[in-house]
Amino acid sequence: MCTVCGCGTASVVDAHTHEAAAPERAHAHPHDHDHGHDHDHGRGHDYGPGADHHHEHALAAIDFGTGLAGVSVAGLSQERTISIERDILAKNNAYADANRSLLLQAGVFALNLLSSPGSGKTSVLVRTITDLKDRWPMAVIEGDQQTSNDAERIRQTGAQAVQINTGKGCHLDAHMVGHALEQLSLEPGGLLFIENVGNLVCPAAFDLGEDCKVVVLSVTEGEDKPLKYPDMFAAADLMLLNKSDLLPHLDFDVDACLAAALRVNPRLQILTVSARTGEGLAAFYAWIEGRAAEVAGPIARLT
């Protein structure tokens, strides 16, 4: 995960010693394991024009995710990696619990919207706010590395929106969201949409205090995306398969995509939608209403 490997940073910091882990030499590693070929890298390879690059067997995949930590960080053991990850997530979860308590007291239902860049997540959100603004008071927290473009786009619908710029960070965390909540006027019975940074990896691990996670996948991305990024789809409560209006123009296997998503997460609910035409969005709104009603019970008992 990015908090361990140091996505966008120059070094990995040990949470206990507060010292940077020593980087290994460029791709240096012990060779006491069998690669299935000798290591005479300086000879025996003809890379000139006309060279025959056909191999007698397929090259093996290199998998750095098979250890206990599920990730490999140069300079850190699997046990140390797990320890650092637990420290970071424990701190985040404490902030998430505080956010959740605040939202519960306010009577607000919160959704964490996740996707890769370009899925149409913001378009779905704009359409949703436009269609539902007379039914619920709504607020939005926007997450991007830079610019306030999406927050400005949301404000044009009449909804209040706070922009969080993460800089080199690749996801929102609960501490960031807590600061954004301080700027919002949350109304009882309202909806809060948290549009996370476009990324199908790191945001899956970070609880923001939301009630549900909704992952948006577009038909232009490939039907095997849930298998390539399983953590995100495993964490989600709902998947929106967006841009259905483009299906007549694409070689996209909807059934294969749905099967892949349910293979990763059998409890995942899936809706096929189009932010452009509005197809399937009525079912999304009904899903929101149903899940918000589930939260209203505990809220009522607090008042």
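Now for a quick tour of the structure. Quick caveat, the model's predicted, so the values are computed rather than measured.

## Some remarks on the overall build of the chain
At step 1: Looking only at helices and strands, one finds 9 helices and 7 strands in the chain.
At step 2: Here the chain holds 303 residues, and the buried ones make up 43% of them.
At step 3: Sequence separation of at least 24 residues holds for 70% of the intrachain contacts in the chain that already meet a minimum separation of 6.
At step 4: In the structure as shown, the chain presents an accessible area of about 16500 Å², 52% of it carried by carbon and sulfur atoms.

## Notes on the environment of valine 162
At step 1: Along the polypeptide, valine 162 turns up in strand E3 (residues 160-165).
At step 2: The class of valine 162 is buried, set by a relative accessible area of 10%.
At step 3: When residues no more than four places from it in sequence are discounted, the contact partners of valine 162 are Val140, Ile141, Glu142, Arg155, Ala180, Gln183 and Leu184.

## A word on unusual backbone geometry
At step 1: A positive phi is found at threonine 147, a non-glycine position, where the angle reads about 75 degrees.
At step 2: Looking at where threonine 147 falls in the secondary structure, it is placed in the loop between strand E2 (138-144) and helix H4 (149-155).
At step 3: According to the relative accessible area criterion, threonine 147 is partly exposed, its value standing at 40%.

## Here's the deal with the packing of aromatic side chains
At step 1: For the structure shown, the criterion picks out 2 aromatic pairs.
At step 2: Note on phenylalanine 284 and tyrosine 285: the rings are 6.2 Å apart at their centroids and 45 degrees apart in plane angle, and the pair reads as tilted.
At step 3: Taking the relative accessible area as the measure of exposure, phenylalanine 284 reaches 1% and is therefore buried.
At step 4: A residue is classified by how much of its surface remains accessible, and tyrosine 285, at 8% relative accessible area, is buried.
At step 5: When the centroid spacing of 6.5 Å and the interplanar angle of 20 degrees are considered together, the rings of phenylalanine 284 and tryptophan 287 count as stacked. Of the two residues, phenylalanine 284 and tryptophan 287 both sit in helix H9 (residues 281-302), 3 residues apart, roughly one turn of that helix. Both residues of the pair, phenylalanine 284 and tryptophan 287, count as buried.

## A closer look at the side chain of aspartate 207
At step 1: Within the secondary structure, aspartate 207 is located in the loop between strand E4 (191-195) and strand E5 (212-218).
At step 2: A polar contact is formed between the side chain of aspartate 207 and the backbone nitrogen of glycine 209, at a distance of 2.8 Å.
At step 3: With near-sequence residues (within four places) excluded, aspartate 207 lies in contact with Asn92, Asn93, Ala96, Arg100, Ala174 and Lys213.

## Regarding the sheet that holds strand E7 (residues 269-272)
At step 1: Taken in spatial order, the 7 strands make up an open sheet running E3-E2-E4-E1-E5-E6-E7, and their pairing is parallel. Edge positions in the open sheet fall to E3 and E7, since each of these has one partner strand only. Strand-to-strand, the axes of this sheet are offset by a mean angle of 20 degrees, without reference to chain direction.
At step 2: Relative to E5, strand E1 (residues 109-115) runs parallel, the two being bridged by 5 bridges. Its bridge partner lying in E5, leucine 113 is registered against valine 214.

## A short note on the pairing of E3
At step 1: Both E2 and E3 contribute to a ladder of 6 bridges, which runs parallel. Bridge pairing in E3 places aspartate 144 opposite asparagine 165.
At step 2: Viewed along the sheet, the connection from E2 through H4 into E3 turns out right-handed.

## Considerations on the nonpolar core
At step 1: Core analysis: the biggest nonpolar cluster contains 32 residues, and Phe193, Leu240, Phe284 and Ile288 have the highest contact counts within it.
At step 2: Mapped by element, the contributors of at least two residues to this core are E1, helix H3 (121-132), E2, H4, E4, E5, strand E6 (238-242) and H9.
At step 3: Among the elements that make up this core, the one with the highest residue count is H9 (7 residues).
At step 4: Discounting chain neighbours no more than four positions away, the residues touching isoleucine 288 are Phe109, Leu111, Thr128, Leu132, Trp136, Leu191 and Phe193.
At step 5: Core analysis: the next-biggest nonpolar cluster, separate from the first, contains 16 residues, Val108, Leu184, Leu192 and Ile194 among them.

## Examining the pattern of salt bridges
At step 1: Here the structure, examined in full by the defined rule, presents 11 salt bridges.
At step 2: Of the charged contacts in the structure, one is a salt bridge between lysine 225 and glutamate 221, with a shortest N-O distance of 2.8 Å. Glutamate 221 matches lysine 225 in its accessibility class, with the two residues each being buried.
At step 3: Among the charged side chains, a network of salt bridges with common partners joins Asp97, Arg100 and Asp207.

Reading guide: rules and limits
- Residues numbered from 1 in each chain as written.
- Predicted model: local features only at pLDDT ≥ 70, side-chain atom pairs only at ≥ 80, totals over all residues.
- Heavy atoms only, no water.
- Helix = DSSP H or I, 4+ residues; strand = E, 2+ residues; numbered from the N terminus.
- Buried < 20%, exposed > 50% of the residue type's maximum accessible area, 1.4 Å probe, protein only.
- Contact = heavy atoms within 4.5 Å.
- Areas by Shrake-Rupley, 256 points an atom, 1.4 Å probe, with all protein chains shown as cover.
- Phe/Tyr/Trp six-rings, centres within 6.5 Å; stacked < 30°, edge-to-face > 60°.
- Polar contact = N/O pair within 3.5 Å; in protein donor to acceptor, adjacent residues only side chain to side chain.
- Pairing = 2+ DSSP bridges.
- Axes fitted to C-alpha atoms, helices over the stretch in contact; angles between N-to-C directions.
- Right-handed = clockwise from strand over helix to strand, strands pointing away.
- Core = buried A, V, L, I, M, F, W, Y, C linked by side-chain atoms within 4.5 Å.
- Salt bridge = Lys/Arg side-chain N within 4 Å of Asp/Glu carboxyl O.

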